[in-house]
Amino acid sequence: MASQTATRPPLPPRHLSETNNKIAPSVDSSSPDHNPLVHVIQFQKDHVIKDPPSENYQKLITYSRTRPSRRRILRLCHRILCASLCTAVLVLIVLAIIIYATFRPKPPSYSLTSLSISGFDPLLTSPTTPLAPYIKTTMHTQNPNKKLSILYQSGGTISVSFDEVELCNGNWPEFAQKPNNVTEFEADLNGSGILLTAPTRDAILKAENNSMVPLTMDANVPVKIKWGFIKSWSVTVKVSCDVKVNALSPKATVLSKKCSANTHYLW
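So, how was this worked out
Residues numbered from 1 in each chain as written. Predicted model: local features only at pLDDT ≥ 70, side-chain atom pairs only at ≥ 80, totals over all residues. Heavy atoms only, no water. Phe/Tyr/Trp six-rings, centres within 6.5 Å; stacked < 30°, edge-to-face > 60°. Disulfide = S-S within 2.5 Å. Helix = DSSP H or I, 4+ residues; strand = E, 2+ residues; numbered from the N terminus. Buried < 20%, exposed > 50% of the residue type's maximum accessible area, 1.4 Å probe, protein only. Polar contact = N/O pair within 3.5 Å; in protein donor to acceptor, adjacent residues only side chain to side chain. Patch = residues over 30% accessible without salt bridge, like charges linked within 9 Å, V, L, I, M, F, W, Y side chains within 5 Å. Areas by Shrake-Rupley, 256 points an atom, 1.4 Å probe, with all protein chains shown as cover. Salt bridge = Lys/Arg side-chain N within 4 Å of Asp/Glu carboxyl O. Lys, Arg positive; Asp, Glu negative; His and termini not counted. Charge placed at Lys NZ, Arg CZ, Asp CG, Glu CD.

A. Layout of the packing of aromatic side chains. Scanning the entire structure with this criterion turns up 5 aromatic pairs. Ring pairing ties together the aromatic residues Tyr110, Tyr152, Trp172, Phe175 and Phe185, which thus form one cluster.

Shown next as structure tokens:
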């Protein structure tokens, strides 16, 4: 016996009540509320319109007062430092002007007294043999100032050359020269492995045959001037002497000499 399935009649359509008969708005996919790429965050109204705590306002006032004050302090310190440096420079300049106007410092003078020369014998025998020249120089320097001392510092150098070819060199001695004083000193100059070109060798031999060998002595000396307990800064004095001798021998005679010094930094 075939069973028959009872068919349920369809439900009637629901009708909105008169109190809820508002039609729902259509959905617009382009609005931000329904755009999947736009996220809308909603806050409660009382969280959005809320005054900041009173302590935050006090902090703002404190910070706004403190920062300009620090900047003013830094500016004041910078001005004080600049003013101090300018004052110190002005004091030094005024002091230097007073000393210069009071004592009228005069530059020292230099003179080359004698030369004792050896080590040039290989020139006559072998033109390719290196030379080892030795020259003992005797110089004197004069300090014409009445109240200023001259302090010759360590590190000074002396060299002797022929036609701009250095033959030997040595050290300028360190000493203090008193006011209105003439000091004489000796300096040993040595050279080694000096190879002369053929033109220079021929020029030296020709000058010695004529009994008139021109030599040049150059010196660079760090110098300070002293007045009482006050010392100046150190400057380099350059001394140059053109001298002619009759022979390159230990008993060489100085025929002529002319010395000059570059001392315009102090005088």
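Picking up where we left off.
B. A look at the state of the cysteines. Tallying each qualifying case throughout the model produces 1 disulfide. Paired by a disulfide, Cys241 and Cys259 hold their sulfur atoms 2.0 Å apart. Judged by the sign of its S-S torsion, about 115 degrees, the cystine formed by Cys241 and Cys259 is right-handed. You can see Cys241 sitting in strand β10 (residues 235-245) and its partner Cys259 sitting in strand β11 (residues 254-262), a full 18 residues away along the chain. Exposure remark for Cys259: the relative accessible area of 25% places this residue in the partly exposed category. In this model Cys86 remains outside any disulfide bridge; the closest cysteine sulfur is found in Cys82, 6.5 Å from its own.

C. Representation of the side chain of Thr183 in the model. Among the secondary structure elements, Thr183 is positioned in strand β7 (residues 181-190). In this structure Thr183 comes out as buried when scored by relative accessible area, which is 18%. Within the structure, the side chain of Thr183 is placed 3.4 Å from the side chain of Gln177, a separation counted as a polar contact.

D. Inspection of a positive patch on the surface at higher detail. Taken together, the side chains of Arg71, Arg72, Arg75 and Arg79 make up a positively charged region of the molecular surface. Residue Arg71 is classed as partly exposed on the basis of its relative accessible area, which comes to 46%.

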